[in-house]
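# Descriptive analysis of the structure
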Amino acid sequence: MAEKLQRLRGMVDLLPQDTLLWQVVEACARDHFRRAGVQEIRTPALEATQLFARGIGEATDVVGKEMYTFLDRSDRSCTLRPEGTASVVRAAIQHGLLTQGPQRLWYGGPMFRYERPQAGRQRQFHQIGLELLGFSEARSDVEAIAIAWDLLMDLGVGGLSLELNTLGSAEDRGRYRHQLVDFLQRHRAQLDPDSQDRLERNPLRILDSKNSETQALLADAPTLAGALDPSSYDRFERVQAGLKALDIPFRLNPRLVRGLDYYSHTAFEIISSQLGAQATVCGGGRYDGLVEQLGGSPTPAIGWALGMERLVLLLAQRPVDAISAPVPDLYLVNRGEAAEAAALVLARSLRLRGLHVELDAGTSTFGKQFKRADRSGAPWAVVLGEEELAAGEVQLKPLRDPNLTASSLSMADLDRLVALVRP
């Protein structure tokens, strides 16, 4: 017997009972994006490695430790995308979208990072993201956050809170980087090993350390707020005022820096108290320098991404009956060689008229087929046997409402059948 093949570690199969929740999230997101005038863009899962090295930053953990990178048969370095923003920006530049004015875009799909798999975090994971390209005003930051907040509220995610920070301009961060490194170098021995490594490569990420001793040390460190230019400070004040005007509660978190190099000014995370340590459901921020960094003209932009796996974990806490499989409009019971062939034609004709038809594809007795029809939840059964076929008729039988009666209908009058099933 051949060895049974298994999925790779960190790659998850989504079975039919699992995808119901995913479809709920995706449908809700599409509706919110439609109402906000945001259009979908789809980019390849495989990109040139240099896109992420330049866009995300070679000193980040994502590029340095987590990417799935390999040489293809032409010795080109390729990478399975670890996030969506760089790919969207690359596509917008390559196809000249930014010459047509500001772009309101969203994407969804699988991403790949080589991390230790855990609940809500897999090596192949999925994101839905928003990118507003060509928008510089503080109110665009507010709008982007509001779309994410309203989507999560509409989905019924509980325990939500918004954490907010500003990373300032590149000049602000340059000044702050010197101040922070000077402080941390004096206390290098007190840093955890991971933070000591980041001190040389990406010191701002130390602010996000989960090590309790490092966090205690950072309590005395200089803050980015103290290095902000007045214009950067004023911009952040306008973002806060906009959120207050929309009654979106937030908490300022001066340690929030996000993990990628391209962020500037506004950075935010939406977290849920229902997720424990892995609390972040959605995160993002402004990245005004990324388009130019990837070869385009200077273009302001802001975006976010939400993790589908974590979101589905939250939604799975709903009552079991809150989300269920779709129920067919009718179940087509059929038996006999000629009737079975005709039933296939009949099912297709009814589906083309808009009905959800489940065709019994077995050869069981009528009794067993009716048991399956009942389990399907369909309110109606259509019966087609050899006798019905010879008469050019079908039997329409109610399965749920005792006040309805069975009737015979001509196979040539499918519009009447549709009208009875879906009045």
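Provided above is the structure to which this section pertains.
Attention here is on the structure that accompanies the text. (Residues numbered from 1 in each chain as written. Predicted model: local features only at pLDDT ≥ 70, side-chain atom pairs only at ≥ 80, totals over all residues. Heavy atoms only, no water.)

### Considerations on the overall build of the chain
Put simply, the test is: Put simply, DSSP H or I for four residues or longer makes a helix, DSSP E for two residues or longer makes a strand, and each gets a number counted from the N terminus. Atoms considered for the radius of gyration are the C-alpha atoms alone. The globule rule reads 2.2 Å times the number of residues to the power 0.38. For each residue, the accessible area found with a 1.4 Å probe, counting protein chains only, is set against the maximum for its type, and the residue is called buried under 20%, exposed over 50%, and partly exposed in between. Computed with a 1.4 Å probe, the accessible areas rest on the Shrake-Rupley method; for each residue, only the protein chains presented here act as cover. In summary, the charge assignment counts Lys and Arg as positive and Asp and Glu as negative, without counting His or the chain termini. To locate a charge, take NZ of a lysine, CZ of an arginine, CG of an aspartate or CD of a glutamate.
For the chain, the helix and strand inventory stands at 15 helices and 16 strands. Against the globule reference of 22 Å for 423 residues, the chain gives a C-alpha radius of gyration of 28 Å, more extended than a compact globule. Projected onto the principal axes, the alpha-carbon positions of the chain cover approximately 90 × 60 × 45 Å. Counting over 423 residues, the chain shows a buried share of 49%. In the form shown here, the chain has an accessible surface area of approximately 21200 Å², with 51% of it arising from carbon and sulfur atoms. The chain carries 49 positive and 54 negative side-chain charges, and their two centres are separated by 2 Å.

### Digging into the state of the cysteines
Worth spelling out the cut-off: Disulfides are defined in this document as cysteine sulfur pairs within 2.5 Å.
Applying the stated criterion across every chain yields a total of 0 disulfides. Unpaired in this structure, Cys28 has its nearest cysteine sulfur neighbour in Cys282, at a distance of 13 Å.

### Structural notes on the pattern of salt bridges
This is how the line gets drawn: Salt bridges are counted wherever a side-chain nitrogen of Lys or Arg sits within 4 Å of a carboxyl oxygen of Asp or Glu.
Enumeration over the complete set of coordinates arrives at 19 salt bridges. A salt bridge links Arg235 to Asp141, with the nearest nitrogen and oxygen atoms 2.8 Å apart. You can see Arg235 sitting in helix α9 (residues 230-245) and its partner Asp141 sitting in helix α5 (residues 138-155), a full 94 residues away along the chain. As far as the burial class goes, Arg235 and Asp141 line up, both buried. Residue Asp415 is joined to Arg353 by a salt bridge in which the shortest nitrogen-to-oxygen separation is 3.1 Å.

### Here we look at the environment of Trp22
Condition: Two residues form a contact once any of their heavy atoms are found within 4.5 Å.
Positionally, Trp22 belongs in helix α1 (residues 16-35). The exposure class of Trp22 is buried, given its relative accessible area of 8%. The spacing of Trp22 and Gln240 is 218 residues in sequence and 32 Å in space, taken between C-alpha atoms. Sequence-distant contacts of Trp22, that is, excluding residues within four places in its chain, are made with Leu14, His126, Met308, Glu309 and Val312.

### Some remarks on the packing of α1 against α5
In plain terms, the rule: The convention used is that axes are lines fitted to C-alpha atoms, helices contributing only their stretch in contact, and that angles between N-to-C directions extend from 0 to 180 degrees. The scheme is simple: roughly parallel for angles under 35 degrees, roughly antiparallel for over 145, roughly perpendicular for 65 to 115, oblique for anything else. Crossings are assigned a handedness: left-handed for a near helix turned anticlockwise from the far helix by less than a right angle, right-handed for a clockwise turn. Following the grouping adopted for this structure description, the nonpolar residues are Ala, Val, Leu, Ile, Met, Phe, Trp, Tyr, Cys and Pro, the charged ones are Asp, Glu, Lys and Arg, and the polar ones are all others, Gly among them.
For the pair α1 and α5, interaxial distance at closest approach is 10 Å and the crossing angle is 140 degrees. By the criterion of interaxial angle, the relationship of α1 to α5 is oblique. Judged by the sense of rotation from one axis to the other, the crossing of α1 with α5 is right-handed. Every residue of α5 that contacts α1 at Val24, Val25, Cys28, Ala29, His32, Phe33 and Arg35 is listed here: Ile147, Asp150, Leu151, Asp154 and Leu155. Here the contact of α1 with α5 is built from residues that sort into 8 nonpolar, 1 polar and 3 charged.

### Some details on the pairing of strand β11 (residues 301-307)
Filter applied, for reference: Whether two strands pair comes down to DSSP finding at least two bridges between them.
Summarising burial for β11: 6 of the 7 residues are buried, a large majority. Note that strand β6 (residues 124-133) and β11 share 7 bridges and pair antiparallel. Along β11, the bridge assignment pairs Leu132 with Ile302.

### A few points about the pairing of strand β12 (residues 330-334)
Where we set the bar: With the strands aimed away from the viewer, a crossover counts as right-handed if its path from the first strand over the helix to the second runs clockwise.
Within β12, 5 of the 5 residues are buried, which leaves the element mostly enclosed by the surrounding structure. Neither face of β12 is left uncovered, since the one carrying Leu330, Leu332 and Asn334 and the one carrying Tyr331 and Val333 both have all their residues buried. With 3 bridges joining them, β12 and strand β13 (residues 357-359) adopt parallel strand pairing. Paired with Tyr331 across the two strands is Glu358, which belongs to β13. With helix α12 (residues 337-352) bridging β12 and its parallel neighbour β13, the resulting β-α-β unit is right-handed. Here β12 pairs with strand β14 (residues 380-384) via 5 bridges, running parallel. Among the inter-strand pairings, Val333 is bridged to a residue of β14, identified as Val383.

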